[in-house]
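Chain by chain, the residues:
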Amino acid sequence: MKVRGRCHCGEITYEADVEPGSVNVCHCRDCQMLTGSAFRANIAAPADRFRLLTGKPREYVKVADSGARRVHAFCATCGSPVYSCAPQDPKTYSLRLGALSDGDALGHPAREIWTKRRFSWMPKLEGSAQIGGQP
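As the structure is a computational prediction, the values presented were derived from the model and not from experiment.

Here we come to the sheet that holds strand β6 (residues 58-63). Here eight strands make up an open sheet; going across it, the order is β6-β7-β8-β9-β4-β3-β10-β11 and the pairing mixed. Whereas interior strands pair on both sides, the edge strands pair on one side only; in this sheet they are β6 and β11 (129-130). Pairing analysis gives two bridges linking strand β8 (residues 81-85) to strand β9 (residues 92-96), with the strands arranged antiparallel. Bridging across to β9, tyrosine 83 finds its partner in leucine 95.

So this is what it looks like as structure tokens:
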């Protein structure tokens with residue numbers, strides 16, 4: 001399915017092809033901190049089907065305790081998260097569901113990960129696979 005996305009101010013726009021029904025919700029501490037919320041909802045887009053249309057995101061490279069590196073791209077003007085990906089030759093881009101014009105059409109999340117970090121007041125999503133840590 002073709003999706004279009006943008007940052008809040010509209011400086012960065014993009015399009016991608018994604019697979020409906022493959023939305024992921026992550027409750028890890030990094031996702032909580034990077035969104036300022038209880039979780040992050042993402043959908044993967046193959047690198048060859050992701051295209052920036054306008055703007056150039058600013059990038060921040062997060063280094064995990066394991067040493068793994070992950071690029072987090074965001075708008076330098078409004079701060080909206082745009083995507084994350086591997087730092088070298090990414091195979092996929094993890095797009096932020098809230099930045100997509102038709103995110104609701106992508107369906108119910110397929111899985112929740114890092115559920116051991118889910119806030120106690122946050123109910124689990126019925127019908128979504130529940131994974132305690134990193135799959």
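And the narrative resumes.
Spatially, the three strands line up as an open sheet ordered β1-β2-β5, and their pairing is antiparallel. Two strands in the sheet have a free side with no partner beyond their single neighbour: β1 (2-6) and β5 (50-54). Direction aside, neighbouring strands of the sheet carry axes that sit 20 degrees apart on average.

In this section: the environment of valine 18. Turning to its location among the elements, valine 18 is positioned in the loop between β2 (13-17) and β3 (24-26). Note: C-alpha distance between valine 18 and lysine 2 (16 residues apart in sequence) is 6.5 Å. Those residues in contact with valine 18, other than ones at most four positions away along the chain, are Met1, Val3, Ile43, Ala44, Ala45, Leu95 and Leu106.

Rules of the game
- Residues numbered from 1 in each chain as written.
- Predicted model: local features only at pLDDT ≥ 70, side-chain atom pairs only at ≥ 80, totals over all residues.
- Heavy atoms only, no water.
- Pairing = 2+ DSSP bridges.
- Helix = DSSP H or I, 4+ residues; strand = E, 2+ residues; numbered from the N terminus.
- Axes fitted to C-alpha atoms, helices over the stretch in contact; angles between N-to-C directions.
- Contact = heavy atoms within 4.5 Å.

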